[in-house]
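Below, each chain spelled out in residue letters.
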Amino acid sequence: MRHETATVVDRGQYADAVTPWEDETWRTAALGWVERELDALGVRAHGPWRVRVRPWSVLARVGVEGLTHVDGSGRGDRPRGRGRAGRDVVWFKANPPGSAFEAGLGAALARWVPGRVVEPLAVDAGRGWALLPDGGELFREAIGRGADGPGGWEAALGQYASMQRALLPYTGEIERLGVPGARTAELPGIFDEAVAANTALREDERARLVALRPRLDEWCEELAAFGVPDALDHADLHDGQLFHPAPGRFTFFDWGDAAISHPFCSFTVPARRVREQYGPDALPRLRDAYLEPWTDTGLTPAELHRALTLATRLGALNPVRAWGRLFPGTTVAAGPGAVAEWLLGMGAEPPL
């Protein structure tokens with residue numbers, strides 16, 4: 001088979017990770033599937049296959065020839081390539097059971113909100129496999145070269161919120177695709193499970209979280225009372241999860257951490273990143289940009305601000321939960337510490 005000619009594997013810091021890549025039968029099936037899908041597209045594989053093995057995904061970069069047009073845009077998994085005639089790249093992504101829904105979700109999102117997400121070239125939803133085109137420049141790269149900054153974040157969050165609103169009618173279908181539930185009313189239970197299971201918390205930290213627990217019920221009840229329905233939350237929307245293929249244009253990818261939760265919970269991760277990059281003074285404008293597409297919900301500006309403040313605290317629980325979406329038999333040593341940090345941060349009032 002063609003994929004036997006050359007394969008380069010990158011395990012990063014996860015040399016001991018247990019993934020399907022170690023299973024020859026799985027590997028042969030997966031790469032054979034890629035080859036068949038490329039044949040169906042009239043595309044030829046070119047050069048070595050570069051495979052990125054992580055506890056949360058297997059990602060293969062495949063050089064190709066004959067890719068005539070692509071305009072699309074996967075935890076730091078980035079489909080890249082130029083999407084034009086000639087030599088290019090496509091990406092194969094395989095998810096663990098906890099995020100196997102991503103392949104089918106990606107295909108559905110491309111139908112429901114075309115142009116705002118990557119459009120897969122092929123998916124095997126049953127096996128959690130996707131073949132993806134390039135998405136262009138990462139937003140992180142644009143920031144790094146000084147081409148964008150807080151204003152870019154504001155544009156991206158406004159476009160993301162508009163996409164969330166467009167997806168509201170599809171929430172039931174998204175759940176049926178296997179996207180896990182983390183609905184507003186379920187968040188206190190998720191908090192309890194996360195605190196009980198965490199091995200990195202000191203006793204004084206655990207006591208702080210126990211003291212915080214009654215407020216979670218109050219926050220969830222107040223947030224639900226505003227009437228914004230639970231919907232799709234990306235749950236990891238940082239600058240490495242956005243493509244910025246053209247000025248003013250953003251596409252969203254890597255839905256492996258997604259959940260059905262309060263949509264405003266999506267603000268938690270970008271607010272944290274923007275505060276790190278530009279300081280807290282950048283957050284009010286980011287808040288307003290995100291909330292603008294929600295201003296026709298019948299809520300006053302003060303009510304929207306309050307709802308977003310509550311959801312930004314509660315939104316920490318969705319990244320916490322997503323840490324468990326790994327291939328069976330593998331762990332991430334930093335996981336308990338990262339989860340503890342998210343949980344403890346819920347006690348601070350967001351500077352919105």
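Procedures and definitions
- Residues numbered from 1 in each chain as written.
- Predicted model: local features only at pLDDT ≥ 70, side-chain atom pairs only at ≥ 80, totals over all residues.
- Heavy atoms only, no water.
- Helix = DSSP H or I, 4+ residues; strand = E, 2+ residues; numbered from the N terminus.
- Rg over C-alpha atoms; globule rule 2.2 N^0.38 Å.
- Buried < 20%, exposed > 50% of the residue type's maximum accessible area, 1.4 Å probe, protein only.
- Areas by Shrake-Rupley, 256 points an atom, 1.4 Å probe, with all protein chains shown as cover.
- Lys, Arg positive; Asp, Glu negative; His and termini not counted.
- Charge placed at Lys NZ, Arg CZ, Asp CG, Glu CD.
- Salt bridge = Lys/Arg side-chain N within 4 Å of Asp/Glu carboxyl O.
- pLDDT = per-residue confidence, 0-100.
- Contact = heavy atoms within 4.5 Å.
- Polar contact = N/O pair within 3.5 Å; in protein donor to acceptor, adjacent residues only side chain to side chain.
- Phe/Tyr/Trp six-rings, centres within 6.5 Å; stacked < 30°, edge-to-face > 60°.

Helix and strand counts for the protein stand at 12 helices and 10 strands. Relative to the compact-globule value of 20 Å for 352 residues, the protein shows a C-alpha radius of gyration of 20 Å, a close match. Seen through its principal axes, the protein has C-alpha atoms that stretch 60 × 45 × 40 Å. Classification of the 352 residues of the protein by burial places 55% in the buried group. Accessible surface computed for the protein: about 14500 Å², of which carbon and sulfur atoms make up 51%. Separation between the mean location of the 39 positive side-chain charges and that of the 47 negative ones in the protein comes to 4 Å.

Attention now goes to the pattern of salt bridges. One pass over the structure, following the stated rule, counts 23 salt bridges. Across the pair Asp-239 and Arg-140 runs a salt bridge whose closest N-O atoms are separated by 3.3 Å. Here the residue Asp-239 occupies a position in the loop between β7 (231-233) and β8 (242-246), and Arg-140 occupies one in helix α3 (residues 139-144), the gap between them amounting to 99 residues. For Arg-313, the salt bridge is made with Glu-349, and the minimal N-O distance between the two is 3.4 Å. Taken together, the residues Arg-313 in helix α10 (residues 301-314) and Glu-349 in the segment after α12 (335-345) connect sequence positions 36 residues apart. Overall, Arg-313 belongs to the buried group, its relative accessible area being 7%. We classify Glu-349 as partly exposed; its relative accessible area is 47%. What you see here is one network of salt bridges that share partners, running through Arg-140, Asp-239, Arg-272, Arg-273, Glu-276 and Glu-341.

The share of residues in the protein with pLDDT of 70 or more is 93%, and the mean pLDDT across the chain is 91. Counting interchain partners and residues more than four positions distant, the pLDDT-below-50 stretch residues 69-87 has 86 contacts.

This part is about the environment of Trp-129. Along the chain, the position of Trp-129 falls in strand β6 (residues 129-132). By relative accessible area, which is 2% here, Trp-129 ends up buried. Residues contacting Trp-129, with those up to four places away along its chain left out, are Trp-26, Ala-29, Ala-30, Trp-33, Phe-92, Lys-93, Ala-94, Ala-103, Ala-122, Val-123 and Asp-124. Polar contacts involving the side chain of Trp-129 include one to the main-chain carbonyl oxygen of Arg-127, which spans 3.4 Å.

Moving on: the packing of aromatic side chains. Counted by the stated rule, this structure contains 15 aromatic pairs. Look at Phe-139 and Trp-153: their rings are 5.1 Å apart centre to centre, the planes differ by 75°, and that puts the pair in the edge-to-face class. On the criterion of sequence distance, the pair formed by Phe-139 in helix α3 and Trp-153 in helix α4 (residues 150-167) is long-range, its members being 14 residues apart. In this structure Phe-139 comes out as buried when scored by relative accessible area, which is 0%. The exposure class of Trp-153 is buried, given its relative accessible area of 0%. Ring geometry for Tyr-290 against Trp-294: centres 6.5 Å apart, planes inclined by 40°, an arrangement best described as tilted. Trp-294 gets classed as buried once you look at its relative accessible area, which sits at 1%. The rings of Trp-26, Trp-33, Phe-92 and Trp-129 are connected pair by pair, giving a single aromatic cluster.

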